[in-house]
Amino acid sequence: MSIFEYAPAPESRAIVTIKPSYGHFINGGFVEGLSVFPTLNPATEETLSQISLGSIADVDRAVAAARVAYESAWSKMSGRERGKYLFRVARILQERAREFAVLESLDNGKPIRESRDVDIPLAAAHFFYHAGWADKLDYAGLGNSPKPHGVTGQIIPWNFPLLMLAWKIAPALATGNTVVLKPAETTSLTALLFAEVCQQADLPHGVVNIVTGDGTTGSALVDHPGIDKIAFTGSTQVGKEIARAIASTTKKATLELGGKAANIVFDDAPIDETVEGIVNGIFFNQGHVCCAGSRLLLQENISEEILSKLKVRMAQIRVGDPLDKNTDLGAINSSAQLDKIRELSSAGDAEGAERWSPPCDLPSRGFWFAPTIFTGVTQAHRIAREEIFGPVLSVLTFRTPQEAIEKANNTPYGLSAGIWSEKGSRILWAAQQLKAGVIWANTFNKFDPASPFGGYKESGWGREGGRHGLTAYLKSEG
Amino acid sequence: MNERLEVNKTYKLFIGGAFPRSESGRTYEINNQSGDFIANACLASRKDLRDAVVASRNAQPKWSSATAYNRGQILYRIAEMLEGRKDQLIQEITHIDGVSQSAAQDEVIKTIDRWVWYAGWSDKLSSIAGSTNPVSGPFYNFTIPEPLGVVGVIAPESSALLGLIEALAPIIVSGNTVVALANSHNPLPAITFAEVLATSDLPAGVVNVLTGKKQELAPWFASHMDIDGLDVSEIEEPLLADIKVAGAENLKRIRTFSDEASPQRILAFMEAKTIWHPIGV
Amino acid sequence: MASVNLVDGSETSLKNFLTNLSGVDQTGAEARAATLATRSIKTSAKSWAIDTAISMVDLTTLEGADTPGKVRALCTKAVRPDPTDAGVPKVAAICVYNDMVKIARDHLDAIGGKDVAVAAVTTAFPSGRASIEVKIQDTQDAIDAGATEIDMVIDRGAFLSGKYALVFDEIVKIRKLCSAGVHLKVILETGELVTYDNVRRASFLAMAAGADFIKTSTGKVSPAATPPVVLVMLEAVRDFYAMTGTRIGVKAAGGIRTTKDAIKQLVLVNETTGPDWLTPSLFRIGASALLNDLLMQRMKMRDGYYPNSTYVTID
């Protein structure tokens, strides 16, 4: 061997046991659904299990269980005791972290390095963080004894299945709400494993209910009259549908929706870390990230230098088996998503942008897309406006800081943005000008339970995480 | 008995710091409780609304980037001038709404005091609603509230002045700009208030006041894509649901409030922005 | 020489050049190094990495208590690291103080280790606090005694006080002594430079002045060859190559004690400068205890079970 070829380093699958089929988790136990659909390993197209398709009746049963649990147990329990349950859940997640990580990578296609080092530890951290809030709600800024909404209906996406579950369930439970959660159609398995965690933690029956299914199940949940609050993470299109669906009700909603974040590089940026930040911004989690830095805005006088370094760096990205510990870029989550990425990339070609990918061998089975950049992109290109939700970066240039901000803000989205510069005053100026809920300066794609996350404009309503996110699960007067 | 003929005021719209008539040329009669004619008010059209939104959007950058201290000073100055117009406002309320002198006086005083209360929040809000967040890593992370942008107000019908003012104050104190639709049966105090604003230091376009019919204009407020938020306190079903459905298109922040002074009312039209930066040498 | 393209050696040109280099964000650099540290090197890749690492070792003894006997023992180990296995590659060099150079060279030559270089630490190693005349003499002595690699230290005091031309001049003067196949390694002593910005600047200064290698540390100061420091130096080397077409080597020295540490270094090289640098002529690891751990891991790979420490020879 003349070059350093990393031998396969697969994480063992043996740690997880996947059942042939799963029911819904309602009132503390598993309940058979009327019909099932397969869930695939997107890296191999192998069927992992059969998942129940939640019906209106299933949702109804789950909401009823959540209501009873709310009235009879959870809302009556002291914050201190609720907090202790959350601590238990956090600990069990830590104890079973490897199992969750492997299952997440199998079901989602994301690299084990990310599920192991990001998704699962952060999910546990969210429970820890919110456990501590449960008996301190008087200090959340809403006055004494703020009240929960009641029963929350939560719908989460497929890009960070367990992490999104934690973002939703932890604050809901800490504040005294009960939960009916619907995982994404293609990634239900870690949510169903989480149901076991609820059992191990001896969580009172009905406090957490999980109904699996597709969009029809989600609609049934949104429309259910027994739901007091909706928490949704997903596309802006569905977010708007939910907003319309609850218009004539008193239901509250938080929506974490799409984004088309600008990642702005000024000519005094720390170059190597910036290149890392660009890579992390768009290729983390295959670009299946609502806050991905999908529009790279380069100051024109350094654009060539950055692009040449970026290409060298992209050639180092290791695409392949999600369970291999050295994989950087895993599988696209579904064939539908792959079609969407292909369609938008073709639009980039057709509109005259220049496509580049490093040489990389993609597996023949499964859903794969090579890391890709498009240069020569303008604001008018579809790939500069529409969320691709894949490992595809659109590169634009700017001449002045003002132009950078104008281009960055020239989108109906407003979730996140990046700034790279070593000049403090310019960073603060740009951070002030950007219309986005999360600004990463000299870093990107960082998440923490203490840090509020959420978007401006059509990227959604409300925040998740931190004190700000907590208050979304409490009634505020005024 | 004074035989002198009074000079009646023409009540117009307030858009971009000017007092135009409705582009539609339409007016409607304002009558008192007994049905006597008091004035012709402009019946604003959707095009007037459009112009007001443009004015409001244009005023956004300057107003939102003014220092909090400056915004507080300007709002307090408005309260000073309101104090001088007290009698006129009381008269406009009693004249049309038929409420007693003392009730009108109470409303005006409450209005002014509430305005002062909100004015003082300008440079305190970030302290109570912002935070530094102890993230797990070498990062400085902080959250600040920022104004939402352009906010629409459909003023309540239950009061001619207070309802409008207690909607406007919390919206603009944070740096938002506003397009407001005045109480339709008595828009006169709203226009008088606009005259106060016009002679205050408030930049043109920060507050725009329309008069007209909410059934006609509210749907246009709701569907206008350049309005970021709506205060529709006292709007009832089914109009409220229609507004929410139309507002979903750009995910407007649509809110209703009770008659209670609260910083939550300011925060309702603000966005939390969180900023991360590494710590290192 | 590459230096003429980048700087003319004057204080002004050096200051302009070095202060215009892109900054290094500490958090970002450390995060990148930490990510690369998670690479999992197994089976065939691990075997390859262990042998490659052995071949890159500058087997080092730099003690006041060094004796000819100790140095000869080290030379023996350098040529035949594992007495039971002739398949183990020789190390790259023996690294000693200059009074031990001749002893090392003679012994290596005598036992079939002509291809193992002798590196001498000079220029008033480790502090560098002496006149340039002394540093020149120190170096000349080593070369005269047969050293083919010179590990010089920079004047960190001068660097930190912004006297870049002084640091540059000293390197140039030592470089002049190193003609005819003598390789110059310039030790930055990154633990004293403290910031990554300084590491990057000192790396470029040394390369522009004519270093064949830039080396992290003397081994006498901690921290030494931490992964992020090596990362920043590798990035500098990669960028210098892009600017000048000249490949400069990197020597990581100090604190690399285990096979795991060494493999992390190779991963850094592989994914920063690329595999072209995965050769003893462009990457070295200055170490002493490391070799035994590499040998024990090698035995484990070969035999399928863990040896104990009596199966490797003490130095």
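The model shown is predicted, which means the values in this text are computed figures rather than measured ones.

Enquirer: So what's going on with the overall build of chain B? Residues and values would help.
Expert: On a plain count of helices and strands, chain B comes out with 10 helices and 10 strands. Since a compact globule built from 281 residues should have a radius of gyration of about 19 Å, the 20 Å found for chain B is in line with a globular shape. Its C-alpha atoms put chain B at 80 × 35 × 30 Å along the principal axes. Across the 281 residues in chain B, those meeting the buried criterion constitute 52%.

Enquirer: Run through the interface of chain A and chain C, naming residues and quoting values.
Expert: Where interface size is quoted, it is often the accessible area lost as the parts come together. Listed per partner, the contact involves 20 residues of chain A and 24 residues of chain C. It is helix α9 (residues 271-283) of chain A that provides the largest number of residues to the side of chain A that touches chain C, a total of 5 residues. Here the residues of the side of chain A that touches chain C sort into 8 nonpolar, 5 polar and 7 charged.

Enquirer: Break down the pairing of strand β1 (residues 27-31) of chain B for me, with residues and values.
Expert: Two faces make up the sheet, and in a regular strand the side chains alternate between them. Residue and element names in this part refer to chain B. Here β1 runs beside strand β2 (residues 37-42); their pairing, made up of 5 bridges, is antiparallel. Bridge pairing in β2 places Tyr28 opposite Ala41. Between β1 and the antiparallel strand that follows it, β2, lie 5 residues; Gly35 among them carries a positive phi value of about 90 degrees.

Enquirer: Talk me through the interface of chain A and chain B; I want residue IDs and the actual numbers.
Expert: Across the contact, 32 residues belong to chain A and 31 residues belong to chain B. Every element with two or more residues in the side of chain A that touches chain B is listed here: α8 (236-245), α14 (424-433), β17 (438-441), β18 (460-461) and α15 (466-471) of chain A.

Enquirer: Outline helix α9 (residues 164-177) of chain C, listing residues and values.
Expert: Taking 1.5 Å of rise per residue, 14 residues should cover 20 Å, and α9(C) covers 21 Å from first to last C-alpha, within 8% of that figure. For α9(C), every residue scored as buried is listed here: Tyr164(C), Val167(C), Phe168(C), Glu170(C), Ile171(C), Ile174(C), Arg175(C) and Leu177(C).

Enquirer: Outline the confidence of the model for chain B, supporting the account with residue identities and numerical values.
Expert: Atom-level detail of predicted coordinates should not be read off regions where pLDDT is low. Confidence along chain B averages 96 in pLDDT terms, with 99% of residues attaining 70 or more. Here the predicted complex carries an ipTM of 0.97, next to a pTM of 0.96.

Enquirer: With reference to specific residues and values, describe unusual backbone geometry.
Expert: A cis geometry characterises the amide bond from Glu237(B) onward to Pro238(B), with omega recorded as 5 degrees. For Pro238(B), the position within the fold is in the loop between β8 (229-231) and α9 (239-247). For the bond running from Phe125(C) to Pro126(C), omega is 0 degrees, close enough to zero to count as cis. Following the sequence through the fold, Pro126(C) ends up in the loop between β3 (117-121) and α7 (132-144). Positive phi, normally seen in glycine, also occurs at Ser145(A), with a value near 45 degrees. Inspection of the secondary structure puts Ser145(A) in the loop between α4 (112-133) and β6 (151-155). Assessed through the 9 C-beta atoms surrounding it within 10 Å, Ser145(A) is described here as exposed. A positive phi is found at Asn285(A), a non-glycine position, where the angle reads about 55 degrees. If you trace the backbone, Asn285(A) turns up in the loop between α9 and β12 (295-299).

Enquirer: Before we move on, could you go through the sheet that holds strand β5 (residues 46-52) of chain A and cite the residues and values that matter?
Expert: All names here are of chain A. Taken in spatial order, the 3 strands line up as β1-β5-β4 in an open sheet, and their pairing is mixed. The sheet is open, and its two edges are formed by β1 (21-22) and β4 (36-41), each paired on a single side. Strand direction decides the pairing type here: β4 and β5, joined by 6 bridges, are antiparallel. Its bridge partner being in β5, Phe37 is matched across the sheet by Ile51.

Enquirer: Talk me through the packing of α9(A) against helix α3 (residues 26-36) of chain C; I want residue IDs and the actual numbers.
Expert: Running from N to C, α9(A) and α3(C) point in directions that differ by 60 degrees, and their axes come no closer than 9 Å. The angle between α9(A) and α3(C) falls in the class oblique. Crossing handedness for the pair α9(A) and α3(C): left-handed. When α9(A) is examined against α3(C), the residues Glu273(A), Glu276(A) and Gly277(A) are found in contact with a partner set consisting of Gly28(C), Ala29(C) and Arg32(C).

Enquirer: Could you give me a rundown of the packing of helix α11 (residues 196-208) of chain C against helix α12 (residues 227-244) of chain C, with the residues and numbers involved?
Expert: Residue and element names in this part refer to chain C. Axis separation between α11 and α12 bottoms out at 9 Å; the angle between their running directions is 40 degrees. On the basis of their axis angle, the class for α11 and α12 is oblique. The handedness of the crossing between α11 and α12 is right-handed. Side by side, α11 and α12 meet where Tyr196, Val199, Arg200, Ser203, Phe204 and Met207 of the first sit next to Pro228, Val229, Val232, Met233, Ala236 and Phe240 of the second. Looking at the contact of α11 with α12 residue by residue, the class counts come to 10 nonpolar, 1 polar and 1 charged.

Enquirer: Explain the sheet that holds strand β14 (residues 372-375) of chain A residue by residue, including any values.
Expert: Read from one edge of the open sheet, 10 strands run β13(A)-β14(A)-β15(A)-β12(A)-β11(A)-β16(A)-β17(A)-β10(B)-β4(B)-β3(B), paired in mixed fashion. The strands lining the two open edges of the sheet, one partner per strand, are β13 (354-356) of chain A together with β3 (131-132) of chain B. Pairing geometry for β13(A) and β14(A), over 3 bridges, is antiparallel. Bridge pairing links Trp356(A) to Ile373(A) in β14(A).

Enquirer: Mind laying out the environment of Cys42(B), listing which residues take part and the relevant values?
Expert: Residue and element names in this part refer to chain B. Take Cys42: it is sitting in strand β2. Distance in space between the C-alpha atoms of Cys42 and Glu29 is 8.8 Å, their sequence separation being 13 residues. Not counting residues within four places of it along the chain, the set of residues in contact with Cys42 comprises Tyr11, Lys12, Leu13, Arg21, Ser22, Thr27 and Thr211.

Enquirer: How would you sum up the pairing of strand β2 (residues 93-97) of chain C? Please name residues and give values.
Expert: All names here are of chain C. For β2, the tally of buried residues reaches 4 of 5 residues, placing the bulk of the element in the interior. Pairing between strand β1 (residues 57-60) and β2: 3 bridges, direction parallel. What sits directly across from Asp58, in β2, is Ala93. Taken together, β1, helix α5 (residues 68-79) and β2 form a β-α-β motif whose crossover is right-handed. As paired elements, β2 and β3 share 5 bridges and run parallel to each other. Of the residues in β3, the one forming a bridge with Tyr97 is Val121.

Enquirer: Tell me about the environment of Ala52(B), residues and numbers included.
Expert: Residues and elements named next belong to chain B. Inspection of the secondary structure assignment puts Ala52 in helix α1 (residues 46-65). Look at Ala52 and you get buried, because 31 C-beta atoms sit within 10 Å. Placed 73 residues apart in sequence, Ala52 and Leu125 show a C-alpha to C-alpha distance of 27 Å. Setting aside residues up to four positions removed in sequence, Ala52 forms contacts with Ile15, Val179, Asn208 and Leu210.

Enquirer: Can you explain the nonpolar core? Please cite residues and give values.
Expert: Core analysis: the largest hydrophobic core is formed by 164 residues, its most contacted members being Leu86(A), Leu93(A), Ile264(A), Leu297(A) and Ile439(A). Here this core takes 11 residues from helix α5 (residues 161-174) of chain A, the largest share from any one element. Setting aside its immediate chain neighbours within four residues, Ile264(A) contacts Leu297(A), Ala404(A), Ala408(A), Ala417(A), Gly418(A), Ile419(A), Trp420(A) and Ala430(A). By size, the runner-up hydrophobic cluster in this structure holds 106 residues, among which are Val88(C), Cys178(C), Phe213(C) and Leu294(C).

Cut-offs used in this document
Residues numbered from 1 in each chain as written. Chains lettered and ligands numbered in written order. Predicted model: local features only at pLDDT ≥ 70, side-chain atom pairs only at ≥ 80, totals over all residues. Helix = DSSP H or I, 4+ residues; strand = E, 2+ residues; numbered from the N terminus. Rg over C-alpha atoms; globule rule 2.2 N^0.38 Å. Buried ≥ 20, exposed ≤ 12 C-beta atoms within 10 Å, placed from the backbone. Contact = placed C-beta atoms within 7 Å. Nonpolar A, V, L, I, M, F, W, Y, C, P; charged D, E, K, R; others polar. Pairing = 2+ DSSP bridges. Expected span 1.5 Å × (residues − 1). pLDDT = per-residue confidence, 0-100. Axes fitted to C-alpha atoms, helices over the stretch in contact; angles between N-to-C directions. Parallel < 35°, antiparallel > 145°, perpendicular 65-115°, else oblique. Left-handed = near helix turned anticlockwise from the far one by under 90°. Right-handed = clockwise from strand over helix to strand, strands pointing away. Core = buried A, V, L, I, M, F, W, Y, C linked by C-beta atoms within 7 Å.

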